[in-house]
Amino acid sequence: MRAVAILKEGTSPEVTDLPTPEPGPDEIRVQVRAAGVNPADGKAASGAFGPVVVPYIPGFDGAGIVEKLGEAVTAFKIGDRVFGRLGRIGRGTYAEYVTTKETAVVAEMPAGLEFAQAAAVPVAGLTAYGILEELGLRAPATILIVGATGGVGSFLTQFASRAGLLVVATARPQLREKVQALGATHVVDHTDSTPLPQQISAAGIAELDALVDLVGDQDLLLALGRLLRAEGGLVSTVGAVDQAAPYAASARAWNYSKQPTKHQLEELAALFQTDEIVVPLERVLDLAEGPRVLEESLTGHLHGKTVLEITV
Ligand SMILES: NC(=O)c1ccc[n+]([C@@H]2O[C@H](COP(=O)([O-])OP(=O)(O)OC[C@H]3O[C@@H](n4cnc5c(N)ncnc54)[C@H](OP(=O)(O)O)[C@@H]3O)[C@@H](O)[C@H]2O)c1
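Please read these numbers as outputs of a predicted model, since none were measured by experiment.

Student: Sorry if this is basic, but what is going on with the domain arrangement of the protein here?
Tutor: Accessible area lost during the coming together of the parts is what is often quoted as the interface size. The domain architecture assigned to the protein consists of domain 1 (2-121 + 279-309) and domain 2 (124-255). Averaged C-alpha coordinates put domain 1 and domain 2 at centres separated by 29 Å. Taken together, the contacts link 8 residues of domain 1 with 9 residues of domain 2. Each residue belonging to the side of domain 1 that touches domain 2 can be placed in one class, and the counts come to 3 nonpolar, 4 polar and 1 charged.

Put into structure tokens, the structure is as follows:
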């Protein structure tokens, strides 16, 4: 099968031919039609989550068609259109085929979504969904999202807005309208020389109920933490919350680390049936662009979602 893979430890990934994986007894084999790109792809391929064993195929998110079943599989049948976290570390979705356990975070694709759209959802959508669940906010609470224009932020902005929250989003000027269209009520510019706390106060916002950090600037968190109301929630997806920081004395502050569930993916899939949530698809590229986007995923400056399409 055609795949993007690291073939020798320490070398760059390349487009190559590898044996098509065989499903185990409780696994399905999916013909991948689109692979979603996440920063975790680049981090994992750099060894951040454990040793890189070659051949290493990156990619966690995917959407495609079930085309082979292990003998014990009961939840899926051949021809099902599925999406989810189809890839595992090193046995990823940047490939024509991937095998995954039927009990993994995989579900039937929402009707009405194309493969590329569905592949863009799992990691970012489930993270946004999980964060909002953990924050437990009620309308009309105010939430600040730092990094709102990336994958997680683009979903979180929509979910928060749909829940009736007042969403303050960071965005560079050229993305202001985009993030407003997703539901941001106030937009502050992280590239402006005026510090964000000042911009937020100038927008008439005295206090935040929640602050979600998708970026990891600890000095910025310290400054923004002063705007959090007592008992407010501060959560970081990049491990930037410091329990010794002043904000932690009064706010609930934690680093997000929850593993998503199949049930959450099914709930998320149902949201797309309603048309209320849009998939923030920014770029659909050919699989051959995999090595390049893997590098890009590490920059921290992706906007919306990038997907690799695999033509058959
Ligand atoms: N813990 C978990 O379970 C979990 C789950 C999912 C993701 N994550 C992590 O969460 C992070 C975000 O994920 P993602 O998929 O949303 O990443 P992404 O798609 O790369 O988006 C990052 C966004 O942050 C913005 N940004 C960068 N620097 C900024 C700054 N100083 N101030 C404000 N915005 C800034 C970028 O916009 P500009 O280019 O305009 O700056 C970009 O839109 C990644 O590090 C990812 O690995 C963790």
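Student: What is the right way to read the site of the ligand from this model?
Tutor: Taken together, 27 residues sit near the ligand, with G147, G150, G151, H190 and H301 positioned nearest. Here the residues of the shell around the ligand are counted per class, giving 11 nonpolar, 14 polar and 2 charged. No fewer than three residues from each of domain 1 (2-121 + 279-309) and domain 2 (124-255) sit in the shell around the ligand.

Student: Quick question: what am I supposed to make of the environment of V187 here?
Tutor: For V187, the location among the structural elements is in strand β10 (residues 186-188). Residue classification places V187 among the buried positions, given that 22 C-beta atoms sit within 10 Å. Sequence separation between V187 and A169 is 18 residues; the distance between their C-alpha atoms is 4.9 Å. When near neighbours in sequence (up to four residues on either side) are disregarded, V187 contacts A169, A171, R176, V179 and Q180.

Student: Can you help me understand the packing of helix α3 (residues 122-135) against helix α9 (residues 262-271) in this one?
Tutor: The axes of two packed helices give the description: the angle between them and the distance between them. As a packed pair, α3 and α9 sit with axes 10 Å apart at the nearest point and diverge in direction by 95°. Regarding the angle of α3 to α9, the classification is roughly perpendicular. When α3 is examined against α9, the residues P122, G125, L126, Y129 and G130 are found in contact with a partner set consisting of Q264, L265 and L268. For the contact of α3 with α9, the residue count by class is 5 nonpolar, 3 polar and no charged.

Student: I keep staring at the sheet that holds strand β13 (residues 252-255) and nothing clicks. Help me out?
Tutor: Sheet strands pair via backbone hydrogen bonds, and the direction of the pair is either parallel or antiparallel. Across the sheet, which stays open at both edges, the 6 strands sit in the order β10-β9-β8-β11-β12-β13 with parallel pairing between neighbours. The open sheet has two edge strands, β10 and β13, and neither has a second partner. Strand-to-strand, the axes of this sheet are offset by a mean angle of 15°, without reference to chain direction. Pairing geometry for strand β8 (residues 142-146) and strand β9 (residues 166-170), over 4 bridges, is parallel. Residue I145 lies in a different strand from β9, and its bridge partner there is A169.

Student: I tried to follow the packing of α3 against helix α4 (residues 151-162) on my own but got confused; where do I start?
Tutor: Here α3 crosses α4 at 45°, and the two axes come no closer than 8 Å. What the angle tells us is that α3 and α4 run oblique. Between α3 and α4 lies a crossing of right-handed hand. Across from A124, G125, T127, A128, Y129, I131 and L132 in α3, the residues of α4 making contact are G151, V152, F155, L156, F159 and A160.

Student: Explain the pairing of strand β14 (residues 281-286) here, please?
Tutor: Across 5 bridges, β14 lies against strand β15 (residues 305-309) in parallel orientation. Within β15, the position partnered with L285 by the bridge is L308. A crossover connection joins β14 to the parallel β15 through helix α10 (residues 290-296); in handedness this β-α-β unit is right-handed.

Student: Help me understand the environment of V188, please; the structure alone is not making it clear to me.
Tutor: On the secondary structure map, V188 appears in strand β10. Note on V188: 24 C-beta atoms within 10 Å, which makes it buried. Distance in space between the C-alpha atoms of V188 and L144 is 9.7 Å, their sequence separation being 44 residues.

The rules behind each value
Residues numbered from 1 in each chain as written. Predicted model: local features only at pLDDT ≥ 70, side-chain atom pairs only at ≥ 80, totals over all residues. Domains from an automatic or database assignment. Contact = placed C-beta atoms within 7 Å. Nonpolar A, V, L, I, M, F, W, Y, C, P; charged D, E, K, R; others polar. Near = placed C-beta within 6 Å. Helix = DSSP H or I, 4+ residues; strand = E, 2+ residues; numbered from the N terminus. Buried ≥ 20, exposed ≤ 12 C-beta atoms within 10 Å, placed from the backbone. Axes fitted to C-alpha atoms, helices over the stretch in contact; angles between N-to-C directions. Parallel < 35°, antiparallel > 145°, perpendicular 65-115°, else oblique. Pairing = 2+ DSSP bridges. Left-handed = near helix turned anticlockwise from the far one by under 90°. Right-handed = clockwise from strand over helix to strand, strands pointing away.

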